[in-house]
Amino acid sequence: MTVAVGIDRLGFYTPSLYLEMTDLAEARGDDPAKYHIGIGQDKQAVIPPTQDVVTMAANAAEQILTAENRQAIKMVLFGTESGVDNSKATAVYLAHLLQLPADTRAIEIKQACYGATAGLQLAADYVRSHPTAQVLVIGSDIARYGLRSAGEVTQGGGAVAMLVTADPQILVLDAESSYHTEDVMDFWRPLGRTEALVDGKYSTNVYLDFFKTVWRTYQQQTDRAIADFAALAFHIPFTKMGLKALRQVLPEATPEQQETLQAAFEASQRDNRQVGNLYTGSLYLSLLSLLRHGDLVAGDRIGCFSYGSGAEGEFYSGVLQPNYRQGFDDAALTALLANRRAVSVAEYEALYTQRLDLQGADRQLAVGTDSAAYYLAGRQHQQRQYRHR
Ligand code: COA
């Protein structure tokens, strides 16, 4: 008998500071409409030095863990492209912080913004053959491009945590998916560099080409067409990129369905507009945003396009379950986004330079106003000091 497997719970965390895109545009001498309409971003998460990918992942995972599912987690798959060690996996720090049982596999996965999708698919395959096991999948990143660079407007950060189980509450994944890999230099970060090298326009074109390729292959594999989808969710490092992808396939839909897909896209980008780029978590924040703000019902099929520069693309799908709204804490997520504090451009620029550099001396960090449950207190003997309050 085939086991229904997929996403049972979704959690999200972003730090408590943000920058208004109007303020950034004015400081850089740009028209704010370029940022809000041309790029499609309204706010950008600002990451204090006391948060990194591990603490953000722990803060996101805490939302979806109970005493019961902690015991059932047999694997932690941590997708990130802003890891904190060349050898030790972020997943090991995370499993310890969350006090998961020791009989857990804990592994970091890297392929640019595709890491969390690789984790999700590997987790689903594992649970199909071990139906009582649960897998914690993380997408956690800090998107940094450099002050006054073209990519500055597409920064951000945060973490998504997913629990992958049999008979999931949110989304049962379809077994078929299509994927595509090519060796492309559109975005990369050589060892030792803290900011990525990127050709943003080329990257957007590769992303759009990959979407066309995997969408076509998926349709051939499954005999499904656009009419089978209530919504499409995209990797959206900036929301205009997803809109461009959607526009590529809209002509395949009837006028009525075009409206449905456009409304779903609006819902799927609402939260991302407030947070900015999450790299590998972007698609999953978008999926969460779609579930929170969209008009979906049980049985609806959702298509997801994942893209990681370098490059890997995948299109997969899943069917929404009757109790999907119980798989995330809508009120807590609304409060998380609403209770953040806006920082000035000067404060953002100061925070940008205050984070623990990767090769520097040991240092204690001032916790300041960071009230998150998990935080980074500094580095001692070249070891990161994680704390839980
Ligand atoms: N009002 C409304 N829209 C405006 C505008 C204004 N005053 N001025 C410009 N725009 C529009 C442009 O027409 C363009 O829209 P289009 O893409 O639909 O043509 C958009 O704003 C961006 O303008 P552009 O001049 O192309 O911006 P840019 O040279 O500053 O670069 C990115 C934008 C996205 C390429 C850049 O921010 C970047 O490289 N980001 C990183 C992207 C990335 O990380 N990719 C890899 C991850 S998958």
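Everything numeric in this text was worked out from a predicted model, so none of it was measured.

Asks: I'd like to hear about empty space enclosed by the protein, residue by residue, with values.
Replies: Tallied over the full model, the rule gives 1 cavity of 30 Å³ or more. Empty space within the largest cavity amounts to approximately 30 Å³. For the largest cavity, the full set of lining residues is Phe-12, Asp-271, Leu-285, Leu-288, Arg-292, Leu-333 and Leu-337. Counting residues per element, the ones that place at least two in the lining of the largest cavity are α10 (282–293) and α11 (330–338). Per-element accounting of the lining of the largest cavity gives the leading share, 3 residues, to α10. Residues of the lining of the largest cavity, tallied by class, amount to 5 nonpolar, no polar and 2 charged.

Asks: Got a sec to walk through helix α12 (residues 345–354)? Specific residues and values, please.
Replies: All of the buried residues in α12 are Val-345, Tyr-348, Glu-349, Leu-351 and Tyr-352. One side of α12 carries all its buried residues, which in axial view fall inside an arc of 165°. What points out from α12, more than 90 degrees from its buried face, is the exposed set Ala-346 and Thr-353. Tucked into the core, α12 has its buried residues touching β2 (17–20), α1 (21–27) and β3 (43–46).

Asks: Would you mind going over the site of the ligand in detail, with residue names and values included?
Replies: With respect to spatial proximity, 22 residues lie near the ligand, and among them Lys-34, Tyr-145, Ala-150, Lys-240 and Lys-244 are the closest. Within the side chain of Lys-34, an N or O atom sits 2.8 Å from an oxygen atom of the ligand. Lys-244 has a polar side-chain atom sitting 2.6 Å from an oxygen atom of the ligand. For the ligand, whose unbound accessible area comes to 980 Å², protein coverage reaches 70%.

Asks: Provide a residue-level description of the UniProt feature "binding site: (3S)-3-hydroxy-3-methylglutaryl-CoA" (unreviewed entry) in the chain, including the pertinent values.
Replies: In this numbering, the UniProt entry assigns the feature "binding site: (3S)-3-hydroxy-3-methylglutaryl-CoA" (unreviewed entry) to Asp-31, Tyr-145, Lys-244 and Asn-277. Checking the annotated residues one by one, the ones that line the second largest pocket turn out to be Tyr-145, Lys-244 and Asn-277. Position of Lys-244 relative to the elements: it lies in helix α8 (residues 239–249). Take Lys-244: its relative accessible area is 36%, and that puts it in the partly exposed class. Sequence-distant contacts of Lys-244, defined by excluding residues within four places in its chain, comprise Thr-204 and Leu-208. Tracing the backbone through its elements, the reader meets Asn-277 in the loop between α9 (255–275) and α10. Of the residues examined, Asn-277 reaches a relative accessible area of 0% and is grouped as buried. Residues in contact with Asn-277, not counting those within four places in the same chain, are Ala-143, Tyr-145, Thr-154, Gln-155, Gly-156, Gly-157, Pro-237 and Ser-282. Looking at Asn-277, its side chain comes within polar contact range of the main-chain oxygen of Thr-154, at 3.4 Å.

Asks: Could you give me a rundown of the sheet that holds strand β15 (residues 363–364), with the residues and numbers involved?
Replies: Sheet architecture is open: 3 strands sit in the order β15-β16-β17, paired in antiparallel fashion. Of all the strands in the sheet, the pair left with one neighbour each is β15 and β17 (383–388). Here β15 runs beside strand β16 (residues 374–380); their pairing, made up of 2 bridges, is antiparallel. Bridging across to β16, Gln-364 finds its partner in Gly-378.

Rules of the game
In this numbering scheme, every chain counts its residues from 1 along its sequence in written order. Reporting of local features is limited, given that this is a predicted model, to residues whose pLDDT is at least 70; pairs of side-chain atoms are given and counted only at 80 or more, and all residues count toward the totals for whole chains, interfaces and linings. Excluding hydrogens and water, the side-chain values take into account all heavy atoms of the structure. Whether a set of points on the 1 Å grid over the protein atoms alone is a cavity depends on a 1.4 Å probe fitting there but being unable to get out, while an open set qualifies as a pocket with protein on both sides within 12 Å along at least five of seven lines; lining residues are those with an atom within 4 Å of a point. Grid points are joined across faces, edges and corners, and a volume is the space filled by probe spheres set on the points. In this description a helix means any DSSP run of H or I spanning at least four residues, a strand means any run of E spanning at least two, and both kinds are numbered starting from the N terminus. Note that Gly is not counted as nonpolar here; it falls among the polar residues with everything else outside the nonpolar set of Ala, Val, Leu, Ile, Met, Phe, Trp, Tyr, Cys and Pro and the charged set of Asp, Glu, Lys and Arg. Only protein chains enter the accessibility calculation, which uses a 1.4 Å probe. A residue is then buried if its area is under 20% of the maximum for its type, exposed if over 50%, and partly exposed in between. Picture the helix axis, draw a direction to every C-beta atom, and the arc is the one those directions span. Pairs of residues are marked as contacts when any of their non-hydrogen atoms sit within 4.5 Å. Any residue with a heavy atom lying within 4 Å of a molecule or strand is counted as near it. For this analysis, a polar contact is any N or O atom pair within 3.5 Å, provided that within protein one partner can donate a hydrogen and the other can accept it, and provided that sequence-adjacent residues contribute only side-chain to side-chain pairs. For the area figures, the Shrake-Rupley method with a 1.4 Å probe applies, and any residue is considered shielded solely by the protein chains shown. UniProt positions are given in the numbering used here, feature names are shortened, and annotations may be inferred rather than shown by experiment. For two strands to count as paired, DSSP must find a minimum of two bridges between them.

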